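Analysis of the macromolecular model
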Amino acid sequence: MNTKLNNRPLYEDVADRLREQIFIKQLPSGSWLDEQSLADQFGISRTPMREAIKVLASEGLVTIKMRRGAYVTEVIRRDLEQIFTVLSLLEGQAAKEAATKATEDELNLLDHLHHRLEKAAADRDLEQFFEINVKFHDLIQEIAGNRWMNNVIGGLRKVLKLHRRDSLTSTDRLQNSLVEHREILRALLKRDELAAESAMRKHLARGLEAVR
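First, a word on scope: everything that follows refers to the structure included in this document. This structure is a prediction, so every number in the text was calculated from the model and none was measured.

1. Re the overall build of the protein chain
The helix and strand inventory of the protein chain stands at 9 helices and 5 strands. Secondary structure of the protein chain in N-to-C order comes out as β-β-α-β-α-α-β-β-α-α-α-α-α-α. Along the first, second and third principal axes, the C-alpha atoms of the protein chain reach 55 × 35 × 30 Å. Buried positions account for 43% of the 212 residues belonging to the protein chain. For the protein chain, the exposed area adds up to about 11300 Å²; of that, 49% sits on carbon and sulfur atoms. Distance from the positive charge centre (34 side chains) to the negative charge centre (33 side chains) of the protein chain: 4 Å.

2. Remarks on the packing of helix H4 (residues 77-101) against helix H9 (residues 193-211)
Packing of H4 against H9 leaves a shortest axis separation of 7 Å and a crossing angle of 155°. Considered as vectors, H4 and H9 are oriented roughly antiparallel to each other. Once H4 is placed against H9, the crossing between them reads as right-handed.

3. Things to note about the nonpolar core
Core analysis: the largest hydrophobic core is formed by 61 residues, its most contacted members being Leu18, Met49, Leu110, Ile140 and Leu188. Residues within four places of Leu110 in sequence aside, it is in contact with Phe136, Leu139, Ile140, Ile143, Leu185 and Leu188.

4. Some thoughts on the layout of surface pockets
Reported here for the largest pocket is a volume of approximately 260 Å³. Forming the walls of the largest pocket are 15 residues, and the residues nearest its centre are Val134, Asp138, Arg157, Lys158 and Lys161. Among the elements that make up the lining of the largest pocket, the one with the highest residue count is helix H7 (residues 147-167) (8 residues). Here the residues of the lining of the largest pocket sort into 5 nonpolar, 5 polar and 5 charged. Approximately 160 Å³ is the volume attributed to the second largest pocket. Around the second largest pocket, the lining residues are Trp32, Leu33, Asp34, Glu35, Gln36, Arg46, Arg50, Ile53, Lys54, Ile64, Gly69 and Ala70. Residue contributions to the lining of the second largest pocket peak at 4 residues, all from helix H3 (residues 46-59). For the lining of the second largest pocket, the residue count by class is 5 nonpolar, 2 polar and 5 charged.

The rules we used
- Residues numbered from 1 in each chain as written.
- Predicted model: local features only at pLDDT ≥ 70, side-chain atom pairs only at ≥ 80, totals over all residues.
- Heavy atoms only, no water.
- Helix = DSSP H or I, 4+ residues; strand = E, 2+ residues; numbered from the N terminus.
- Buried < 20%, exposed > 50% of the residue type's maximum accessible area, 1.4 Å probe, protein only.
- Areas by Shrake-Rupley, 256 points an atom, 1.4 Å probe, with all protein chains shown as cover.
- Lys, Arg positive; Asp, Glu negative; His and termini not counted.
- Charge placed at Lys NZ, Arg CZ, Asp CG, Glu CD.
- Axes fitted to C-alpha atoms, helices over the stretch in contact; angles between N-to-C directions.
- Parallel < 35°, antiparallel > 145°, perpendicular 65-115°, else oblique.
- Left-handed = near helix turned anticlockwise from the far one by under 90°.
- Core = buried A, V, L, I, M, F, W, Y, C linked by side-chain atoms within 4.5 Å.
- Contact = heavy atoms within 4.5 Å.
- 1 Å grid on protein atoms, 1.4 Å probe; cavity = no way out; pocket = protein on both sides within 12 Å on 5 of 7 lines; lining within 4 Å.
- Points joined across faces, edges and corners; volume = space filled by probe spheres on them.
- Nonpolar A, V, L, I, M, F, W, Y, C, P; charged D, E, K, R; others polar.

Purely geometric numbers; function is a separate question.
Structural data, given as structure tokens:
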């Protein structure tokens, strides 16, 4: 492996690969990260592997335990409740701001994404539903335009991604999520900032119930 890829430090590329392995559960929650074994697998020295693990630890995806090494984070119920509490506040605020800041083109794009979400749900295509759901939320945050808030949301959602896919496997949850997105979109199209904030917070509260 080259020491750099697209002018990025090697450890950042390694962190990307490890992160993907965690998200697809090739490295499941609670598993020990054997630095030497992983370095051998990637064909690199332990130094960039160690730095990559530190990056994932800063994101909350890896937990470093004193004298025991690094483990893929296990998200417990208390973590979920705390994460969703913060997300509810921040994403609710993002929806509130987006209701007044969105251009007509941006509202049309949100409407288009929702139509794609409806089709993915009808097809029971969970992978597609999950990807479009992320784009829908990301666009709302982008419209709100607060990069500091968005950085925090992005970090929390990385940790939440350890559980998020599992929460959509229930048919009821998939349909309920779709209804909740309709309510968010309806409020945004009406430019009703309070309704948008309320709909987003309700969506996240119900999401917490689903992942518990």
